[in-house]
Amino acid sequence: MPDSFDEDEFDPLDTDEQSSSSPDSASPHRDPDAEIDDTPTIACTRCGREWDLGYELDDLGIGNQAIEQFALDHKRHTGHYPDGVAPWLADCRHCPEGVERLSEEAARRWAQTHARHTRHAVDIGRANDDESSIVDAPDE
């Protein structure tokens, strides 16, 4: 253990005390000047593939919606969502209308609009969950 503390050499994640004291040993740590690849990835076990979302981020420029857009595109082209994506379902109890949305807010907005215009009750729930809630028509 060194007698003095040099914050330039201190690495709280370094558990190998000899690696910081031996100049000959190769550093297991990354070069701080190296570019970080923090491109998100998404996988689908049904397809047996994994994709990075560089196209959605760089070419399409959709930023925070990259995962959602990829999931929607994947569903459109394959008929199923990638791993970890379960849509919200809003189904009318009286007619065949319904929607599938990736955010609860969007499904609830559709349900409220449908209930308001048709006076039909709408069930809202997650595709992989047995629990649901009901949106009723507002009292007017």
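Residues numbered from 1 in each chain as written. Predicted model: local features only at pLDDT ≥ 70, side-chain atom pairs only at ≥ 80, totals over all residues. Heavy atoms only, no water.

(A) View of the overall build of the protein. The helix and strand inventory of the protein stands at four helices and six strands. Going from N to C terminus, the protein has its helices and strands arranged as α-β-β-α-α-β-β-α-β-β. Considering only contacts within the protein whose residues lie at least 6 apart along the sequence, 32% involve residues at least 24 apart. Looking at the protein as shown, the accessible area adds up to about 10700 Å², and 43% of this sits on carbon and sulfur atoms. (Helix = DSSP H or I, 4+ residues; strand = E, 2+ residues; numbered from the N terminus. Contact = heavy atoms within 4.5 Å. Areas by Shrake-Rupley, 256 points an atom, 1.4 Å probe, with all protein chains shown as cover.)

(B) Layout of the pairing of strand β5 (residues 122–126). Strand direction decides the pairing type here: strand β3 (residues 88–92) and β5, joined by five bridges, are antiparallel. Directly across from D91, in β5, lies its bridge partner D123. Bridging between β5 and strand β6 (residues 132–135) involves four bridges; their strand directions are antiparallel. Across the sheet, V122 pairs through a bridge with V135, a residue of β6. (Pairing = 2+ DSSP bridges.)

(C) Highlighting the nonpolar core. By size, the foremost hydrophobic cluster in this structure holds ten residues: W88, A90, V99, A107, W110, A111, A115, V122, I124 and V135. Within the residue set of this core, elements represented by two or more residues are β3, α4 (104–118) and β5. Element by element, the count of residues in this core is highest for α4, at four residues. Those residues in contact with I124 that lie beyond four places of it in its chain are W88, L89, A90, A107, R108, A111, S132, S133 and V135. In this structure, I42, C44, W51 and L53 belong to the second largest nonpolar core, which totals six residues. (Core = buried A, V, L, I, M, F, W, Y, C linked by side-chain atoms within 4.5 Å. Buried < 20%, exposed > 50% of the residue type's maximum accessible area, 1.4 Å probe, protein only.)

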